[in-house]
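# Working through the structure, step by step
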Amino acid sequence: MDIIDKRLKNAAMTPKPSVGDAEGWTRRFLKYQALQVAAQRRGDIPAANRHGEKVTEALDVLAKTGLEGRMALERLMNDTDPSTRGRAARRVMEWDPDRAIPVLARLLYEQSDPQSVSVEAVLIVREARFALQKYFGLDLFDPTELPDRLAAMGITLPEKTSRGLRREN
């Protein structure tokens with residue numbers, strides 16, 4: 001049973017949390033992210049899109065909920081699910097890029113969950129790459145400079161990943 005199946009099993013019907021309830025919004029984010037992934041895996045794109053809107057809402061509220069919301073997002077950067085880490089890190093980039101960039105960089109080369117479908121793995125890598133390229137002011141369609149920008153921050157990518165980004169393969 002993968003992390004998504006476990007989260008779905010534990011997902012219960014819960015009312016929408018109050019604005020300041022960071023823990024409640026974190027649970028809501030994890031619930032709807034698991035529902036979104038499950039809908040994607042079964043090919044139900046309309047349901048995946050509906051759940052995705054609730055994921056975005058939860059992330060927006062957490063980012064605006066002050067210190068507690070920010071701390072919740074920072075904790076999510078350590079989650080076992082790479083999609084959770086990526087989504088949280090993209091939000092944390094707004095106030096602490098030095099903490100978020102290494103998380104996003106790892107997603108560029110980290111092995112994906114064997115349970116995930118290839119589309120999930122591609123999306124995780126693409127979204128991490130786009131977030132990093134945006135941060136560094138790079139063209140979104142040309143990642144060739146990204147390995148050097150990360151290296152300048154002390155982040156070394158595996159050679160295979162660097163070569164792929166530089167289009168040297």
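Coordinates for the structure precede this section.
Residues numbered from 1 in each chain as written. Predicted model: local features only at pLDDT ≥ 70, side-chain atom pairs only at ≥ 80, totals over all residues. Heavy atoms only, no water.

## Focus: helix H3 (residues 45-63)
Quick reminder: α-helices carry 3.6 residues per turn. Residues three or four places apart thus point the same way. Along its 19 residues, H3 runs 26 Å from first to last C-alpha, staying within 8% of the 27 Å computed at 1.5 Å per residue. When H3 is considered as a whole, its buried residues turn out to be Ala 47, Ala 48, His 51, Gly 52, Val 55, Ala 58, Leu 59, Val 61, Leu 62 and Ala 63. Buried residues belonging to H3 abut helix H2 (22-41), helix H4 (66-76) and helix H5 (82-92). One side-chain oxygen at the N-terminal end of H3 lies 3.2 Å from the backbone nitrogen of Ala 47; it belongs to Asp 44. (Helix = DSSP H or I, 4+ residues; strand = E, 2+ residues; numbered from the N terminus. Expected span 1.5 Å × (residues − 1). Buried < 20%, exposed > 50% of the residue type's maximum accessible area, 1.4 Å probe, protein only. Contact = heavy atoms within 4.5 Å. Polar contact = N/O pair within 3.5 Å; in protein donor to acceptor, adjacent residues only side chain to side chain.)

## Digging into the nonpolar core
Grouped together as the largest cluster of nonpolar side chains are 38 residues, with contacts concentrated most on Leu 73, Leu 104, Leu 108, Leu 146 and Leu 150. Sorting the residues of this core by element identifies H2, H3, H4, H5, helix H6 (97-107), helix H7 (118-135) and helix H8 (146-152) as the ones contributing at least two each. (Core = buried A, V, L, I, M, F, W, Y, C linked by side-chain atoms within 4.5 Å.)

## Details of the packing of H6 against H7
Helix-helix packing: each pair is described by the crossing angle between the helix axes and the interaxial distance. The interhelical angle for the contact between H6 and H7, taken along N-to-C directions, is 140°, at an axis separation of 8 Å. Taken together, the axes of H6 and H7 lie oblique to each other. The element H6 and its partner H7 pack so that their crossing is left-handed. The segment H6 lies against H7, with Pro 97, Ile 101, Leu 104, Ala 105 and Leu 107 engaging Ile 124, Val 125, Ala 128, Ala 131, Leu 132 and Tyr 135. (Axes fitted to C-alpha atoms, helices over the stretch in contact; angles between N-to-C directions. Parallel < 35°, antiparallel > 145°, perpendicular 65-115°, else oblique. Left-handed = near helix turned anticlockwise from the far one by under 90°.)

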